[in-house]
Amino acid sequence: TESKPRRRGGDLKARNTELGSAVTGSPLTALLPASTTGKKSIVLSSETRKELAKQAKVTKEERRAQIDERHKYLISRVADGIGLSEQQVKEAIISDDKFQLIEQFFAPSGLKKLLFFYQDVLQQKSNASLRSDGSTNSLLQKKLFITMGCTENFTGTCAFFLRTSDKVITASNVSQEVNFGIFDCTNGNILQGLEFFLSQIMIPALKSQQNWGAVKEGLKNSQIQDFLYSVDKFVGTLSSSRQNIEDKIQLTKVDIDIYVSSLQNPSDYITAG
């Protein structure tokens, strides 16, 4: 009689552990084969999947309720820069497991940068594609996601926000305190993207800037002129290096028969070497 409560408790604990591990990580992680995750594959029950979907829906609604004018400003900039609708960007943000980075970016003395990558990502086709062994069918699809830029390979477009002070970011100052930019490295061509960003965006902006803070006379100042010269020189070096890499080294096939046909004995080979 004593074993039944223990067995029921054990079953309940195992059930909670299964659900808890799936909730704290991505639900798809638990469905991936062992060769992908490095762990034993787990096929979740339909009841557990329904619970996960329910919790995911609650989380999204909670985040949707947090969206204010600051978030809307970011969403608008990203949508314009990448070419998506604001609704698409909003849905991507509230579904992202790094959503909390936005709040850390807004906080006083918070994160200095906030990055969004828009690029091909390997994604599961659908729940219907799940196989009996827990493996999945996947394909590359464009996805917008929040990132720190440290773990994912950058192969597409980056929309970035940079803070200019340690002030708390509010609805009234977000447009003044936050700078926005786009870094396009389509097909993973980072050097070309960097060259374009510097030569077509940053350098023209710097050369048209009149206010250089404590530095007097702006563009007439020798230090500012030296700085702009150095940036121009760097872009030139970057362009040259990129072209050299793209051209690579072309090896031409050479017919050596005419050179070796006259070699008759070992001493001839030694002399030729």
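These figures come from a predicted structure and were not determined experimentally. (Residues numbered from 1 in each chain as written. Predicted model: local features only at pLDDT ≥ 70, side-chain atom pairs only at ≥ 80, totals over all residues. Heavy atoms only, no water.)

## Considering the nonpolar core
Residues Val78, Val89, Ile102, Leu114, Phe116, Leu144 and Phe161 are the most contacted members of the largest nonpolar core, which totals 26 residues. For this core, the elements supplying multiple residues, two or more each, are α4 (69–82), α5 (86–94), α6 (100–106), β1 (113–124), β2 (138–147) and β3 (157–163). At six residues, the largest contribution of residues to this core is made by α4. If we skip the residues at most four places from it in the chain, Phe116 touches Val78, Ile93, Leu144, Phe145, Ile146, Thr157, Cys158, Ala159 and Phe161. If you look at the next biggest cluster of nonpolar residues, it comprises 13 residues, including Phe145, Phe160, Phe197 and Val231. (Core = buried A, V, L, I, M, F, W, Y, C linked by side-chain atoms within 4.5 Å. Buried < 20%, exposed > 50% of the residue type's maximum accessible area, 1.4 Å probe, protein only. Helix = DSSP H or I, 4+ residues; strand = E, 2+ residues; numbered from the N terminus. Contact = heavy atoms within 4.5 Å.)

## Quick notes on the pattern of salt bridges
Taken as a whole and judged by the stated rule, the model has eleven salt bridges. For Arg77, the salt bridge is made with Asp80, and the minimal N-O distance between the two is 3.6 Å. With Arg77 and Asp80 both in helix α4, this residue pair falls three residues apart, about one helical turn. For the salt bridge of Lys207 with Asp232, the shortest nitrogen-to-oxygen distance reads 3.1 Å. Taken together, the residues span a long stretch of sequence, with Lys207 in helix α8 (residues 190–208) and Asp232 in helix α9 (residues 222–247) at a distance of 25 residues. Salt bridges linked by common partners bring Lys60, Glu61, Arg64 and Glu91 together as one network. (Salt bridge = Lys/Arg side-chain N within 4 Å of Asp/Glu carboxyl O.)

## Focus: unusual backbone geometry
Across residues other than glycine, the phi torsion is negative in most instances, and most of the peptide bonds are trans. We note that Ser109 has phi near 55°; this positive angle belongs to a residue other than glycine. Its location among the elements puts Ser109 in the loop between α6 and β1. Phi at Glu217 is positive, roughly 70°, even though this residue is not glycine. If you trace the backbone, Glu217 turns up in the loop between α8 and α9. With relative accessibility at 63%, the residue Glu217 sits in the exposed group.

## Considerations on α8
Spanning 19 residues, α8 covers 26 Å between terminal C-alpha atoms, matching the ideal 27 Å at 1.5 Å per step. At Leu198, α8 shows its maximal kink, close to 35°. Among the residues making up α8, those that are buried are Gly193, Glu195, Phe197, Leu198, Ile203 and Leu206. (Expected span 1.5 Å × (residues − 1). Bend = angle between axes of the 7 residues up to and from the residue.)

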